[in-house]
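Secondary and tertiary structure notes
Each chain is listed here by its residues.
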Amino acid sequence: MSDCPTTYLDHGATTPLRPEVADAMAAARALPLGNPTGSHRPAQRARRLLEEARDEVAASMGRQPGEIVFTSGGTESANLAVFGALGAGCRAPRSASLLSSAVEHPAVRESCRAAAQSASVTWHELPVDGSGLVDLHALEAAVDGATALVAVMLANNETGVLQPLDRVVETVRRASDTAVVFTDAVQAASFLDLAESAAGADLVALSAHKLGGPVGVGVLAVRAGVALAPRQHGGGQERERRSGTQDVVGAVGLATALHLAAAERVEVAQRVAALRDRLAGGLVASIAGACRTVPPGVATLPGHLHLCLPGVEREELLVALDAHGICASGGSSCASGALEASHVLAAMGVPDRLARGSIRFTMGRDTTAADIDRALAVVPPVVASLRHDP
Ligand code: PLP
(Lines give C-alpha, C1' and ligand atoms only; values in the text may rest on other atoms or scores of the structure.)
Protein backbone atom coordinates (compact mmCIF):
# COMPACT_ATOMS: atom_id res chain seq x y z
CA MET A 1 0.00 0.00 0.00
CA SER A 2 2.85 2.39 0.78
CA ASP A 3 3.55 3.05 -2.91
CA CYS A 4 -0.07 4.01 -3.64
CA PRO A 5 -0.38 7.34 -5.39
CA THR A 6 -1.76 9.98 -3.05
CA THR A 7 -5.03 11.62 -3.98
CA TYR A 8 -5.30 14.64 -1.71
CA LEU A 9 -8.94 15.58 -1.16
CA ASP A 10 -8.51 17.35 2.18
CA HIS A 11 -7.91 20.98 1.20
CA GLY A 12 -10.33 22.08 3.91
CA ALA A 13 -7.79 20.85 6.47
CA THR A 14 -4.78 22.50 4.88
CA THR A 15 -3.57 23.30 1.38
CA PRO A 16 -0.19 22.63 -0.22
CA LEU A 17 2.16 25.61 -0.09
CA ARG A 18 2.07 27.19 -3.55
CA PRO A 19 5.48 27.29 -5.27
CA GLU A 20 5.06 31.00 -6.04
CA VAL A 21 4.44 31.63 -2.33
CA ALA A 22 7.46 29.53 -1.35
CA ASP A 23 9.57 31.56 -3.85
CA ALA A 24 8.34 34.90 -2.47
CA MET A 25 9.07 33.75 1.07
CA ALA A 26 12.51 32.43 0.11
CA ALA A 27 13.36 35.76 -1.53
CA ALA A 28 12.30 37.64 1.61
CA ARG A 29 14.16 35.22 3.88
CA ALA A 30 17.34 35.68 1.84
CA LEU A 31 17.44 39.39 2.68
CA PRO A 32 19.12 40.67 5.81
CA LEU A 33 16.00 41.39 7.87
CA GLY A 34 15.89 42.98 11.27
CA ASN A 35 13.07 43.40 13.72
CA PRO A 36 10.48 45.64 12.03
CA THR A 37 10.35 47.88 15.10
CA GLY A 38 14.07 48.71 14.83
CA SER A 39 15.69 51.75 13.24
CA HIS A 40 18.65 50.37 11.23
CA ARG A 41 18.45 49.40 7.58
CA PRO A 42 17.68 45.66 8.01
CA ALA A 43 14.90 46.68 10.40
CA GLN A 44 13.59 49.25 7.94
CA ARG A 45 13.69 46.63 5.18
CA ALA A 46 11.66 44.24 7.35
CA ARG A 47 9.17 47.02 8.13
CA ARG A 48 8.84 47.85 4.44
CA LEU A 49 8.12 44.20 3.55
CA LEU A 50 5.61 43.94 6.38
CA GLU A 51 3.79 47.10 5.34
CA GLU A 52 3.75 46.08 1.68
CA ALA A 53 2.25 42.76 2.74
CA ARG A 54 -0.31 44.61 4.86
CA ASP A 55 -1.23 46.85 1.90
CA GLU A 56 -1.70 43.80 -0.31
CA VAL A 57 -3.83 41.96 2.25
CA ALA A 58 -5.92 45.09 2.87
CA ALA A 59 -6.52 45.57 -0.85
CA SER A 60 -7.59 41.91 -1.25
CA MET A 61 -10.00 42.22 1.67
CA GLY A 62 -11.37 45.65 0.72
CA ARG A 63 -10.03 47.16 3.95
CA GLN A 64 -7.60 49.92 4.90
CA PRO A 65 -4.05 48.82 5.80
CA GLY A 66 -4.52 50.09 9.37
CA GLU A 67 -7.40 47.65 9.79
CA ILE A 68 -5.21 44.58 9.24
CA VAL A 69 -3.83 42.80 12.31
CA PHE A 70 -1.38 39.99 11.58
CA THR A 71 -1.78 36.99 13.88
CA SER A 72 -0.51 33.42 14.07
CA GLY A 73 -3.55 31.99 12.24
CA GLY A 74 -7.28 31.45 12.32
CA THR A 75 -7.43 30.23 15.90
CA GLU A 76 -5.65 33.24 17.29
CA SER A 77 -7.75 35.59 15.15
CA ALA A 78 -10.95 34.01 16.50
CA ASN A 79 -9.73 34.25 20.11
CA LEU A 80 -8.74 37.88 19.57
CA ALA A 81 -12.14 38.67 18.05
CA VAL A 82 -14.14 37.11 20.88
CA PHE A 83 -12.07 38.25 23.85
CA GLY A 84 -11.14 41.53 22.18
CA ALA A 85 -14.74 42.58 21.54
CA LEU A 86 -15.75 41.41 24.97
CA GLY A 87 -12.84 43.08 26.73
CA ALA A 88 -13.63 46.36 25.02
CA GLY A 89 -17.32 46.10 25.91
CA CYS A 90 -16.70 44.96 29.47
CA ARG A 91 -15.13 48.28 30.29
CA ALA A 92 -18.72 49.37 30.72
CA PRO A 93 -20.07 48.33 34.13
CA ARG A 94 -22.59 45.82 32.82
CA SER A 95 -22.82 42.22 31.76
CA ALA A 96 -22.21 41.26 28.16
CA SER A 97 -23.46 38.51 25.91
CA LEU A 98 -21.96 36.56 23.04
CA LEU A 99 -24.01 35.06 20.23
CA SER A 100 -22.63 32.54 17.78
CA SER A 101 -24.15 30.22 15.22
CA ALA A 102 -24.36 26.62 16.39
CA VAL A 103 -22.04 25.52 13.57
CA GLU A 104 -18.95 27.65 14.27
CA HIS A 105 -15.46 26.17 14.20
CA PRO A 106 -14.06 25.18 17.62
CA ALA A 107 -11.74 28.20 17.44
CA VAL A 108 -14.84 30.37 17.86
CA ARG A 109 -17.00 28.03 19.94
CA GLU A 110 -14.35 27.26 22.50
CA SER A 111 -13.35 30.93 22.76
CA CYS A 112 -16.99 31.75 23.52
CA ARG A 113 -17.24 28.87 25.98
CA ALA A 114 -14.06 30.02 27.77
CA ALA A 115 -15.22 33.64 27.85
CA ALA A 116 -18.56 32.56 29.30
CA GLN A 117 -16.76 31.13 32.33
CA SER A 118 -16.82 34.70 33.59
CA ALA A 119 -19.92 35.45 35.67
CA SER A 120 -20.60 38.65 33.71
CA VAL A 121 -20.61 36.96 30.30
CA THR A 122 -23.35 34.82 28.77
CA TRP A 123 -23.08 32.85 25.54
CA HIS A 124 -25.94 31.67 23.42
CA GLU A 125 -25.72 29.48 20.33
CA LEU A 126 -28.10 30.38 17.52
CA PRO A 127 -29.87 27.42 15.92
CA VAL A 128 -29.46 26.50 12.26
CA ASP A 129 -31.91 24.81 9.91
CA GLY A 130 -31.50 21.42 8.22
CA SER A 131 -29.12 22.98 5.67
CA GLY A 132 -26.94 24.53 8.34
CA LEU A 133 -28.16 28.09 7.74
CA VAL A 134 -28.39 30.29 10.80
CA ASP A 135 -31.91 31.13 12.02
CA LEU A 136 -32.27 34.88 11.48
CA HIS A 137 -35.44 35.09 13.59
CA ALA A 138 -33.58 33.57 16.52
CA LEU A 139 -30.79 36.08 15.91
CA GLU A 140 -33.25 38.97 15.84
CA ALA A 141 -34.83 37.80 19.09
CA ALA A 142 -31.48 37.36 20.81
CA VAL A 143 -29.60 40.57 19.94
CA ASP A 144 -30.01 43.40 22.42
CA GLY A 145 -28.04 46.20 24.02
CA ALA A 146 -25.94 43.75 26.02
CA THR A 147 -24.72 41.87 22.94
CA ALA A 148 -20.98 42.41 22.60
CA LEU A 149 -20.34 40.12 19.63
CA VAL A 150 -22.24 38.10 17.06
CA ALA A 151 -20.14 35.40 15.37
CA VAL A 152 -21.42 33.86 12.16
CA MET A 153 -18.90 32.21 9.88
CA LEU A 154 -18.82 32.94 6.16
CA ALA A 155 -18.47 29.30 5.12
CA ASN A 156 -18.64 26.18 7.25
CA ASN A 157 -15.53 24.03 7.45
CA GLU A 158 -17.42 20.71 7.49
CA THR A 159 -20.19 21.25 4.95
CA GLY A 160 -18.95 24.31 3.02
CA VAL A 161 -22.37 25.97 3.49
CA LEU A 162 -22.30 29.74 2.97
CA GLN A 163 -24.11 31.81 5.58
CA PRO A 164 -26.24 34.83 4.61
CA LEU A 165 -23.78 37.24 6.19
CA ASP A 166 -25.37 40.39 4.71
CA ARG A 167 -28.68 39.50 6.31
CA VAL A 168 -26.96 38.68 9.59
CA VAL A 169 -25.34 42.12 9.56
CA GLU A 170 -28.65 43.87 8.71
CA THR A 171 -30.41 42.02 11.51
CA VAL A 172 -27.75 42.90 14.07
CA ARG A 173 -27.61 46.57 13.02
CA ARG A 174 -31.40 46.87 13.33
CA ALA A 175 -31.30 45.63 16.92
CA SER A 176 -28.08 47.08 18.30
CA ASP A 177 -25.78 50.06 17.75
CA THR A 178 -22.93 48.47 19.60
CA ALA A 179 -22.82 44.71 18.83
CA VAL A 180 -19.78 43.76 16.79
CA VAL A 181 -20.22 41.29 13.92
CA PHE A 182 -17.41 38.79 13.50
CA THR A 183 -17.09 36.43 10.57
CA ASP A 184 -14.67 33.53 10.40
CA ALA A 185 -13.67 33.57 6.73
CA VAL A 186 -10.91 30.98 7.12
CA GLN A 187 -12.51 28.44 4.76
CA ALA A 188 -14.00 31.02 2.42
CA ALA A 189 -10.90 33.10 1.70
CA SER A 190 -9.55 30.97 -1.15
CA PHE A 191 -12.81 31.00 -3.11
CA LEU A 192 -14.74 34.15 -2.20
CA ASP A 193 -13.94 37.80 -2.73
CA LEU A 194 -13.90 38.96 0.89
CA ALA A 195 -14.05 42.60 -0.17
CA GLU A 196 -17.59 41.82 -1.25
CA SER A 197 -18.81 38.83 0.73
CA ALA A 198 -17.45 39.92 4.12
CA ALA A 199 -17.89 43.66 3.53
CA GLY A 200 -20.48 44.14 6.29
CA ALA A 201 -18.55 42.41 9.07
CA ASP A 202 -16.63 44.42 11.66
CA LEU A 203 -14.11 41.64 12.29
CA VAL A 204 -12.93 39.11 9.69
CA ALA A 205 -10.55 36.20 10.32
CA LEU A 206 -8.49 34.32 7.77
CA SER A 207 -5.56 31.93 7.78
CA ALA A 208 -2.79 31.58 5.19
CA HIS A 209 -2.52 27.79 5.19
CA LYS A 210 -6.05 27.39 3.86
CA LEU A 211 -5.19 29.26 0.66
CA GLY A 212 -1.81 27.99 -0.45
CA GLY A 213 0.16 30.03 2.10
CA PRO A 214 2.26 29.00 5.09
CA VAL A 215 1.01 27.55 8.37
CA GLY A 216 1.28 29.92 11.34
CA VAL A 217 0.14 33.25 9.94
CA GLY A 218 -3.31 34.79 9.74
CA VAL A 219 -5.20 38.01 9.89
CA LEU A 220 -7.92 39.64 11.90
CA ALA A 221 -9.32 42.59 9.98
CA VAL A 222 -10.72 45.12 12.47
CA ARG A 223 -12.98 47.81 11.06
CA ALA A 224 -11.72 51.31 11.89
CA GLY A 225 -13.51 52.61 14.97
CA VAL A 226 -14.29 49.16 16.40
CA ALA A 227 -12.82 48.87 19.87
CA LEU A 228 -10.78 45.74 20.46
CA ALA A 229 -9.00 44.96 23.71
CA PRO A 230 -5.64 43.24 23.11
CA ARG A 231 -5.36 39.60 24.08
CA GLN A 232 -1.62 39.63 24.50
CA HIS A 233 0.38 42.46 26.00
CA GLY A 234 3.89 43.60 25.26
CA GLY A 235 5.57 45.92 22.80
CA GLY A 236 2.33 47.28 21.33
CA GLN A 237 2.86 46.02 17.78
CA GLU A 238 -0.05 45.95 15.31
CA ARG A 239 -1.31 49.28 16.67
CA GLU A 240 -1.55 47.97 20.22
CA ARG A 241 -3.91 45.19 19.12
CA ARG A 242 -1.46 42.27 19.03
CA SER A 243 1.91 42.61 20.72
CA GLY A 244 4.80 40.43 19.61
CA THR A 245 7.42 40.63 16.86
CA GLN A 246 5.70 40.07 13.54
CA ASP A 247 6.49 37.14 11.24
CA VAL A 248 7.55 39.24 8.27
CA VAL A 249 8.31 36.30 5.96
CA GLY A 250 4.99 34.69 6.89
CA ALA A 251 3.16 37.94 6.14
CA VAL A 252 4.84 38.05 2.72
CA GLY A 253 3.63 34.48 2.13
CA LEU A 254 0.08 35.31 3.16
CA ALA A 255 -0.05 38.43 0.99
CA THR A 256 1.30 36.53 -2.01
CA ALA A 257 -1.19 33.69 -1.54
CA LEU A 258 -4.12 36.11 -1.28
CA HIS A 259 -2.97 38.03 -4.35
CA LEU A 260 -2.67 34.84 -6.40
CA ALA A 261 -6.04 33.57 -5.20
CA ALA A 262 -7.72 36.84 -6.16
CA ALA A 263 -6.27 36.77 -9.67
CA GLU A 264 -7.65 33.31 -10.50
CA ARG A 265 -10.68 33.06 -8.20
CA VAL A 266 -13.44 32.82 -10.79
CA GLU A 267 -11.68 30.28 -13.02
CA VAL A 268 -10.61 28.10 -10.08
CA ALA A 269 -14.06 28.16 -8.48
CA GLN A 270 -15.71 27.03 -11.73
CA ARG A 271 -13.19 24.28 -12.37
CA VAL A 272 -13.23 22.99 -8.78
CA ALA A 273 -17.04 23.05 -8.59
CA ALA A 274 -17.23 20.95 -11.78
CA LEU A 275 -14.80 18.41 -10.29
CA ARG A 276 -16.73 18.35 -7.02
CA ASP A 277 -20.04 17.84 -8.83
CA ARG A 278 -18.62 14.99 -10.87
CA LEU A 279 -17.32 13.32 -7.72
CA ALA A 280 -20.66 13.85 -5.96
CA GLY A 281 -22.71 12.51 -8.87
CA GLY A 282 -20.46 9.49 -9.33
CA LEU A 283 -20.37 8.51 -5.67
CA VAL A 284 -24.10 8.99 -5.08
CA ALA A 285 -24.85 6.92 -8.20
CA SER A 286 -22.52 4.07 -7.31
CA ILE A 287 -22.92 3.76 -3.51
CA ALA A 288 -26.33 2.54 -2.38
CA GLY A 289 -27.88 4.87 0.17
CA ALA A 290 -25.23 7.59 -0.25
CA CYS A 291 -26.60 11.12 -0.04
CA ARG A 292 -25.27 14.66 0.01
CA THR A 293 -25.59 16.11 3.50
CA VAL A 294 -26.35 19.59 2.18
CA PRO A 295 -29.55 19.67 0.13
CA PRO A 296 -29.21 20.72 -3.53
CA GLY A 297 -29.80 24.43 -4.07
CA VAL A 298 -28.02 25.50 -0.87
CA ALA A 299 -24.95 27.59 -1.70
CA THR A 300 -21.67 26.02 -0.63
CA LEU A 301 -17.99 26.57 -1.28
CA PRO A 302 -17.11 25.00 -4.65
CA GLY A 303 -14.61 22.53 -3.25
CA HIS A 304 -16.66 20.98 -0.44
CA LEU A 305 -18.48 17.68 -0.72
CA HIS A 306 -20.03 16.25 2.42
CA LEU A 307 -21.65 12.84 2.11
CA CYS A 308 -23.52 10.51 4.44
CA LEU A 309 -22.82 6.85 3.79
CA PRO A 310 -25.11 4.76 5.97
CA GLY A 311 -23.75 1.46 7.20
CA VAL A 312 -20.09 2.53 7.53
CA GLU A 313 -18.16 4.02 10.44
CA ARG A 314 -16.33 7.11 9.25
CA GLU A 315 -13.17 6.36 11.24
CA GLU A 316 -12.86 2.94 9.60
CA LEU A 317 -13.62 4.46 6.22
CA LEU A 318 -10.94 7.15 6.53
CA VAL A 319 -8.32 4.59 7.55
CA ALA A 320 -9.28 2.29 4.67
CA LEU A 321 -9.25 5.15 2.17
CA ASP A 322 -5.87 6.31 3.43
CA ALA A 323 -4.54 2.78 2.87
CA HIS A 324 -5.60 3.25 -0.76
CA GLY A 325 -3.99 6.68 -0.97
CA ILE A 326 -7.19 8.75 -0.70
CA CYS A 327 -6.92 11.60 1.83
CA ALA A 328 -10.30 12.76 3.09
CA SER A 329 -11.64 13.87 6.45
CA GLY A 330 -14.38 13.18 8.93
CA GLY A 331 -14.96 16.92 9.10
CA SER A 332 -14.27 17.42 12.79
CA SER A 333 -11.26 16.09 14.61
CA CYS A 334 -9.67 17.07 17.86
CA ALA A 335 -5.96 17.62 18.43
CA SER A 336 -5.33 13.91 19.03
CA GLY A 337 -6.67 13.19 15.52
CA ALA A 338 -9.58 11.22 16.98
CA LEU A 339 -12.94 11.98 15.43
CA GLU A 340 -15.50 13.65 17.61
CA ALA A 341 -19.24 13.61 17.10
CA SER A 342 -19.90 16.58 14.83
CA HIS A 343 -21.69 19.48 16.53
CA VAL A 344 -22.35 20.83 13.05
CA LEU A 345 -24.27 17.77 11.88
CA ALA A 346 -26.04 17.54 15.25
CA ALA A 347 -27.14 21.19 14.95
CA MET A 348 -28.46 20.45 11.44
CA GLY A 349 -30.50 17.58 12.82
CA VAL A 350 -28.63 14.88 10.87
CA PRO A 351 -29.52 11.58 12.56
CA ASP A 352 -26.63 9.94 14.38
CA ARG A 353 -27.01 6.84 12.14
CA LEU A 354 -26.08 8.99 9.12
CA ALA A 355 -23.57 11.24 10.88
CA ARG A 356 -21.52 8.19 11.92
CA GLY A 357 -20.86 7.36 8.29
CA SER A 358 -20.27 10.90 7.06
CA ILE A 359 -17.20 12.02 5.18
CA ARG A 360 -15.83 15.29 3.83
CA PHE A 361 -13.93 15.54 0.55
CA THR A 362 -12.47 18.98 -0.10
CA MET A 363 -10.98 19.92 -3.43
CA GLY A 364 -8.66 22.81 -4.20
CA ARG A 365 -7.03 24.63 -7.09
CA ASP A 366 -4.57 21.81 -7.77
CA THR A 367 -7.13 18.99 -7.73
CA THR A 368 -7.19 17.29 -11.14
CA ALA A 369 -9.63 15.24 -13.19
CA ALA A 370 -7.34 12.26 -12.56
CA ASP A 371 -7.81 12.71 -8.80
CA ILE A 372 -11.57 12.50 -9.26
CA ASP A 373 -11.28 9.45 -11.55
CA ARG A 374 -9.19 7.73 -8.91
CA ALA A 375 -11.57 8.60 -6.08
CA LEU A 376 -14.49 7.34 -8.15
CA ALA A 377 -12.67 4.07 -8.78
CA VAL A 378 -11.51 3.56 -5.16
CA VAL A 379 -14.21 4.88 -2.82
CA PRO A 380 -17.23 2.72 -3.84
CA PRO A 381 -15.49 -0.66 -3.42
CA VAL A 382 -13.89 0.47 -0.16
CA VAL A 383 -17.30 1.50 1.18
CA ALA A 384 -18.79 -1.82 0.04
CA SER A 385 -16.05 -3.76 1.81
CA LEU A 386 -16.74 -1.94 5.09
CA ARG A 387 -20.53 -2.07 5.09
CA HIS A 388 -21.88 -3.81 8.16
CA ASP A 389 -25.27 -4.38 6.59
CA PRO A 390 -24.64 -4.53 2.83
N1 PLP B 1 -11.85 28.52 11.42
C2 PLP B 1 -12.15 27.62 10.48
C3 PLP B 1 -13.47 27.70 9.76
C4 PLP B 1 -11.24 26.62 10.15
O5 PLP B 1 -11.54 25.71 9.22
C6 PLP B 1 -10.00 26.58 10.84
C7 PLP B 1 -9.03 25.50 10.58
O8 PLP B 1 -9.41 24.39 10.28
C9 PLP B 1 -9.73 27.56 11.81
C10 PLP B 1 -10.69 28.52 12.07
C11 PLP B 1 -8.44 27.59 12.55
O12 PLP B 1 -7.43 28.09 11.73
P13 PLP B 1 -5.87 27.80 12.04
O14 PLP B 1 -5.62 26.39 11.65
O15 PLP B 1 -5.13 28.78 11.17
O16 PLP B 1 -5.67 28.06 13.48
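Residues numbered from 1 in each chain as written. Predicted model: local features only at pLDDT ≥ 70, side-chain atom pairs only at ≥ 80, totals over all residues. Heavy atoms only, no water.

Turning to the pattern of salt bridges, a few remarks are in order. Taken as a whole, this structure holds 18 salt bridges when the rule is applied. For Glu267, the salt bridge identified is with Arg271, shortest N-O distance 2.8 Å. In this pair, Glu267 and Arg271 both sit in helix 8 (residues 248-286), 4 residues apart, roughly one turn of the helix. Residue Glu267 is classed as partly exposed on the basis of its relative accessible area of 43%. For Arg271, a relative accessible area of 31% gives the class partly exposed. In this structure, Arg356 and Glu313 form a salt bridge, with 3.0 Å as the shortest nitrogen-oxygen distance. Of this pair, Arg356 sits in the loop between helix 11 (352-355) and strand 12 (358-362) while Glu313 sits in the loop between strand 10 (304-308) and helix 9 (314-323), and the two are 43 residues apart along the sequence. The structure contains a network of salt bridges with shared partners spanning Arg18, Glu20, Glu264 and Arg365. (Salt bridge = Lys/Arg side-chain N within 4 Å of Asp/Glu carboxyl O. Helix = DSSP H or I, 4+ residues; strand = E, 2+ residues; numbered from the N terminus. Buried < 20%, exposed > 50% of the residue type's maximum accessible area, 1.4 Å probe, protein only.)

Before going further, it helps to spend a moment on helix 12 (residues 369-386). Between the first and last C-alpha of helix 12 there are 26 Å, a value that for 18 residues agrees with the 26 Å anticipated at 1.5 Å per step. Among the structural elements, strand 1 (7-8), helix 8, helix 9, strand 11 (326-327) and strand 12 are those in contact with the buried residues of helix 12. (Expected span 1.5 Å × (residues − 1). Contact = heavy atoms within 4.5 Å.)

Overall, mixed pairing links the 7 strands, which are arranged 2-8-7-6-5-3-4 in an open sheet. Single-partner strands in this sheet number two, and they are strand 2 (68-71) and strand 4 (121-126). Strand-to-strand twist of the sheet, defined as the mean angle between neighbouring strand axes without regard to direction, takes the value 20°. Relative to strand 8 (residues 218-222), strand 7 (residues 203-207) runs antiparallel, the two sharing 5 bridges. Bridging across to strand 8, Ala205 finds its partner in Leu220. Contacts from helix 4 (residues 106-115) reach strand 3 (96-101), strand 4, strand 5 (147-151) and strand 6 (180-184) within the one sheet, and its direction differs from that of strand 4 by about 150°. (Pairing = 2+ DSSP bridges. Axes fitted to C-alpha atoms, helices over the stretch in contact; angles between N-to-C directions.)

This brings us to the nonpolar core. Judged by nonpolar contacts, the single largest core of 84 residues is most densely connected at Leu254 and Phe361. Here this core gets 16 residues from one element, more than from any other, and that element is helix 8. Mapped onto the domain boundaries, this core takes at least three residues apiece from domain 1 (7-16 + 265-386) and domain 2 (19-260). Contacts of Leu254, omitting those with residues within four sequence positions, involve Val57, Phe70, Leu206, Ala208, Leu211, Pro214, Val217, Gly218 and Val219. Val69, Ala78, Ala81 and Ala85 belong to the second-largest nonpolar core, a separate cluster that totals 26 residues. (Core = buried A, V, L, I, M, F, W, Y, C linked by side-chain atoms within 4.5 Å. Domains from an automatic or database assignment.)

A cluster of acidic residues, Asp166, Glu170, Asp193 and Glu196, forms a negative patch at the surface. Within the secondary structure, Asp166 sits in helix 6 (residues 165-175). (Patch = residues over 30% accessible without salt bridge, like charges linked within 9 Å, V, L, I, M, F, W, Y side chains within 5 Å. Areas by Shrake-Rupley, 256 points an atom, 1.4 Å probe, with all protein chains shown as cover. Lys, Arg positive; Asp, Glu negative; His and termini not counted. Charge placed at Lys NZ, Arg CZ, Asp CG, Glu CD.)

Looking now at the pairing of strand 3. Of all 6 residues that make up strand 3, 6 are buried, and the element is covered over most of its length. Judged by which residues are buried, strand 3 turns out to be covered on both faces: Ala96, Leu98 and Ser100 on one side and Ser97, Leu99 and Ser101 on the other are all buried. Examined bridge by bridge, strand 3 and strand 4 share 6 bridges and lie parallel to one another. Along strand 4, the bridge assignment pairs Leu99 with His124. The parallel pair strand 3 and strand 4, bridged by helix 4, forms a crossover whose chirality is right-handed. Note: strand 3 against strand 5, 4 bridges, orientation parallel. Counted as the bridge partner of Leu99 is Val150 from strand 5. (Right-handed = clockwise from strand over helix to strand, strands pointing away.)

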